[in-house]
Amino acid sequence: MAATLIRNGTVVTARETVKADVLIEGEAIKEVRPGIPAASGDKVLDATGMWVIPGGIDAHTHLDMPFGGTTSADDFETGTRAAAFGGTTSIVDFAIQARGTRMRDALDTWLKKAEGRACIDYGLHMIVTDLGASGLEDMDELVDEGVASFKLFMAYPNVLMVDDATIFKALSRTARNGALICMHAENGSVIDVMIARALAEGKTAPVYHALTRPPLAEAEAVHRAIAMAEIAGTPVYIVHLSSEDALNQVREARDRGVPAFAETCPQYLLLSIEELERPNFEGAKYVFTPPLRPKHHLPKLWDGLKHDHLQVVSTDHCPFCFADQKILGKDDFTKIPNGGPGIENRLQLMYHYGVNAGNFSLNRFVELTSTTPARIFGMYPKKGEIAPGSDADLVIWDPASVYTISSKTHHMRVDYSMFEGYEVRGNARTVFSRGEVIVDGGEFHGKPGRGNYLKRAARGGAWK
Ligand SMILES: [Zn+2]
């Protein structure tokens, strides 16, 4: 069988950093140890001076997603291609159950969006908007289909928000079927009143998006979500945690031994509310939910990553073009499509501002961006690991490569970058997905449609 040998690199996993060669046979890793001899016919790649890391896993993306009369600008082809350039080899996107329909229909719709387009492997969470008569049984059926996680919204009343009874029923169901509930935790009812007040006072600029969604509205919902999970006797995962107040709730619960987990995203670690005050409506580029916070929250989130109060860094990639999509909210911030682009730059930003800046170790970087999401979302050790038998999803990472992030050169199908002009040191050089080189030296070698649907297992790392 055709084999590839990655020689002379340093293998970095969540556990250790070792000088070792990696032998890939077919789609899987065959061997990891120093001094593996090359057989004739093997393709040999030299990784001297490079890190060899597990491919990144982005557990929170929204490709081809309808929102407020428009659709996120990246589909499964352009989005997964951009992900691959940045060293991400698996994503977990979100199917959305439309009210009054079966979850199975949403799963089929989203599988169709990905089929023939995805360049890397993809799983799907299910967003539950309506339990209806058979919703709890539907959840069990979806777990059998590899949908091992469900997302519920405590925000966006009349659109996505579900009440506490629904949340508690869903949580209780997962206590039995082993799925994981992911919570969008913000108090949507309070926020809606604040939004109505702001609009009545003529406050329509982008910054009011942030000012009407205060950190306490997030912290209250995080507290409530964790309390309901605790009563139901099941783990819970808070998505895109953005504030110190919310983080305190997670930390307090974890300190008591409650299985509460949370992710944050590069934008909450690196950007603050001032971005929404940019002139010429450019603040709209930074309108997403939860919103950016005042600067003093940022070091607290970094600290949370370091001390495992936060376990995962994902992107919440949900791009809308400035010119023809964000502009829909020019006279009313509530009409600005919520979301920002990030799928391509997650590893670069976390490596530079995490590892290079001394905020956490190289192993922690791998853990936050690959291994823990693989575990929590039921993909480990197939994904997120460098060991015999694991999928050969690997990145040869050049720690010395200097790269300037810009919409002029990025591969996401969106006309701006939230990190325009940021210079980072450390970048993906060669990216393997199941043994195949899909990116090498800034060139794309993958094919749309080569990505596989990932059937994920219930009772992942959140249960251990
Ligand atoms: Zn999201």
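Given the structure is predicted, the values throughout are model-derived calculations rather than measurements.

Rules used in this analysis
- Residues numbered from 1 in each chain as written.
- Predicted model: local features only at pLDDT ≥ 70, side-chain atom pairs only at ≥ 80, totals over all residues.
- Heavy atoms only, no water.
- Helix = DSSP H or I, 4+ residues; strand = E, 2+ residues; numbered from the N terminus.
- Rg over C-alpha atoms; globule rule 2.2 N^0.38 Å.
- Buried < 20%, exposed > 50% of the residue type's maximum accessible area, 1.4 Å probe, protein only.
- Areas by Shrake-Rupley, 256 points an atom, 1.4 Å probe, with all protein chains shown as cover.
- Lys, Arg positive; Asp, Glu negative; His and termini not counted.
- Charge placed at Lys NZ, Arg CZ, Asp CG, Glu CD.
- Axes fitted to C-alpha atoms, helices over the stretch in contact; angles between N-to-C directions.
- Parallel < 35°, antiparallel > 145°, perpendicular 65-115°, else oblique.
- Left-handed = near helix turned anticlockwise from the far one by under 90°.
- Contact = heavy atoms within 4.5 Å.
- Nonpolar A, V, L, I, M, F, W, Y, C, P; charged D, E, K, R; others polar.
- Expected span 1.5 Å × (residues − 1).
- Arc of directions from axis to C-beta.
- Donors = N, O, S within 2.8 Å, 3.2 Å for Na, K, Ca; no water.
- Core = buried A, V, L, I, M, F, W, Y, C linked by side-chain atoms within 4.5 Å.
- Pairing = 2+ DSSP bridges.
- Phe/Tyr/Trp six-rings, centres within 6.5 Å; stacked < 30°, edge-to-face > 60°.
- Lys NZ or Arg CZ within 6 Å of the ring centre and 35° of its normal.
- Salt bridge = Lys/Arg side-chain N within 4 Å of Asp/Glu carboxyl O.

### Thoughts on the overall build of the chain
Now for step 1: From N to C terminus, the chain includes 12 helices and 21 strands.
Now for step 2: The globule rule puts the C-alpha radius of gyration for 464 residues at 23 Å, and the 21 Å found for the chain is close to it.
Now for step 3: A total of 464 residues make up the chain; the buried ones form 61% of that total.
Now for step 4: Summed over its atoms, the accessible surface of the chain is roughly 16600 Å², and 51% of this surface lies on carbon and sulfur atoms.
Now for step 5: For the chain, the centre of its 49 positive side-chain charges and the centre of its 59 negative side-chain charges are spaced 2 Å apart.

### Some remarks on the packing of helix H4 (residues 164–177) against helix H7 (residues 215–232)
Now for step 1: With their axes 9 Å apart at the nearest point, H4 and H7 run at an angle of 45° to one another. Compared by their axis directions, H4 and H7 come out oblique. As H4 packs across H7, the resulting crossing turns out to be right-handed. Each of Asp164, Ile167, Phe168, Leu171, Ser172 and Ala175 in H4 lies in contact with H7, whose residues at this interface are Arg224, Ala225, Met228, Ala229, Ile231 and Ala232.
Now for step 2: In terms of residue class, the contact of H4 with H7 is built from nine nonpolar, one polar and two charged.

### Examining H4
Now for step 1: Between its first and last C-alpha atoms H4 spans 20 Å; for 14 residues at 1.5 Å apiece the expected length is 20 Å, and the two agree.
Now for step 2: By the burial criterion, the buried members of H4 are Thr166, Ile167, Ala170, Leu171, Arg173, Thr174 and Asn177. Along the long axis of H4, the arc covered by the buried residues comes to 160°, so they all point the same way.
Now for step 3: Buried positions along H4 lie against helix H3 (135–144), strand S13 (149–153), strand S14 (180–184), H7 and strand S15 (236–238).

### Comments concerning the coordination of the zinc ion
Now for step 1: Distances from the zinc ion to its protein donors, His60 (NE2), His62 (NE2) and Asp316 (OD), fall at 2.0 to 2.2 Å.
Now for step 2: Accessibility expressed as a relative area gives 10% for Asp316, which makes it buried.

### Side note on the nonpolar core
Now for step 1: One finds Met126, Phe150, Met183, Ile238, Leu241 and Phe365 to be the most contacted residues of the largest nonpolar core, which totals 118 residues.
Now for step 2: At eight residues, the largest contribution of residues to this core is made by H7.
Now for step 3: In this view, Leu241 contacts Glu218, Ala246, Leu247, Val250, Ala262, Glu263, Thr264, Tyr268, Leu301 and Leu310; residues no more than four positions away in its chain are not counted.
Now for step 4: Formed by 16 residues, the second largest nonpolar core is a distinct cluster that contains Ile6, Ala20, Val22 and Val52.

### Comments concerning the sheet that holds strand S1 (residues 3–7)
Now for step 1: Taken together, four strands build an open sheet; the order of strands is S5-S4-S1-S6 and the sheet is mixed. The sheet is open, and its two borders are formed by strand S5 (28–33) and strand S6 (43–46), each paired with just one other strand. Strand-to-strand, the axes of this sheet are offset by a mean angle of 20°, without reference to chain direction.
Now for step 2: Two elements, S1 and S6, share four bridges in a ladder whose sense is parallel. Residue pairing in the sheet places Ile6 in a bridge with Leu45 of S6.

### A look at the packing of aromatic side chains
Now for step 1: In the structure shown here, the tally under the stated rule is 15 aromatic pairs.
Now for step 2: Their ring planes at 80° and their centres at 5.9 Å tell us that Tyr268 and Phe288 sit as a pair that is edge-to-face. Of this pair, Tyr268 sits in helix H9 (residues 266–270) while Phe288 sits in the loop between H9 and helix H10 (298–306); the two residues are 20 residues apart in sequence, bridging distant segments of the chain. Phe288 matches Tyr268 in its accessibility class, with the two residues each being buried.
Now for step 3: One aromatic cluster is present, formed by Phe67, Phe153, Tyr156 and Phe320 through successive ring pairs.
Now for step 4: Lying across the ring of Phe261, Arg254 places its NZ or CZ 5.3 Å from the centre.
Now for step 5: Above the plane of the ring of Tyr380 lies Arg375, whose end atom (NZ or CZ) is 4.0 Å from the centre.

### Some thoughts on the sheet that holds strand S8 (residues 56–61)
Now for step 1: With respect to topology, eight strands assemble into an open sheet ordered S8-S11-S12-S13-S14-S15-S16-S17, the strand pairing being parallel. Whereas interior strands pair on both sides, the edge strands pair on one side only; in this sheet they are S8 and strand S17 (312–313).
Now for step 2: As judged from the four bridges shared by S8 and strand S11 (residues 88–96), these two strands associate in the parallel manner. Across the sheet, residue Thr61 finds its bridge partner in S11, namely Asp93.

### Looking at the pattern of salt bridges
Now for step 1: Scanning the model with the defined rule gives 30 salt bridges in all.
Now for step 2: Here Glu31 and Arg33 are joined by a salt bridge, their closest N and O atoms 2.5 Å apart.
Now for step 3: Owing to a relative accessible area of 26%, Glu31 belongs among the partly exposed residues under this scheme.
Now for step 4: One salt bridge in this structure joins Arg104 and Asp108, with 2.7 Å as the shortest N-O distance. One end of the pair is Arg104 and the other is Asp108, both in helix H2 (residues 103–114) and four residues apart, which spans about a single turn.
Now for step 5: Judged by relative accessible area, which is 33%, Asp108 ranks as partly exposed.
Now for step 6: One network of salt bridges, in which partners are shared, links Glu27, Asp121, Lys382, Lys383, Asp391, Asp393 and Arg434.

### Describing the packing of H3 against H4
Now for step 1: Their axes nearest at 10 Å, the elements H3 and H4 cross at an angle of 40°. Taken together, the axes of H3 and H4 are oblique relative to one another. Seen along the crossing, H3 lies across H4 with a hand that is right-handed. Here Leu136, Glu137, Met139, Asp140 and Val143 of H3 lie close against H4, whose contacting residues are Lys169, Ala170, Arg173, Thr174 and Asn177.
Now for step 2: Here the contact of H3 with H4 is composed, by residue class, of four nonpolar, two polar and four charged.

### Observations regarding the side chain of Thr372
Now for step 1: With respect to the helices and strands, the residue Thr372 is situated in helix H12 (residues 362–376).
Now for step 2: The residues touching Thr372, leaving out its near neighbours within four places in the chain, are Gln311, Val312 and Glu367.

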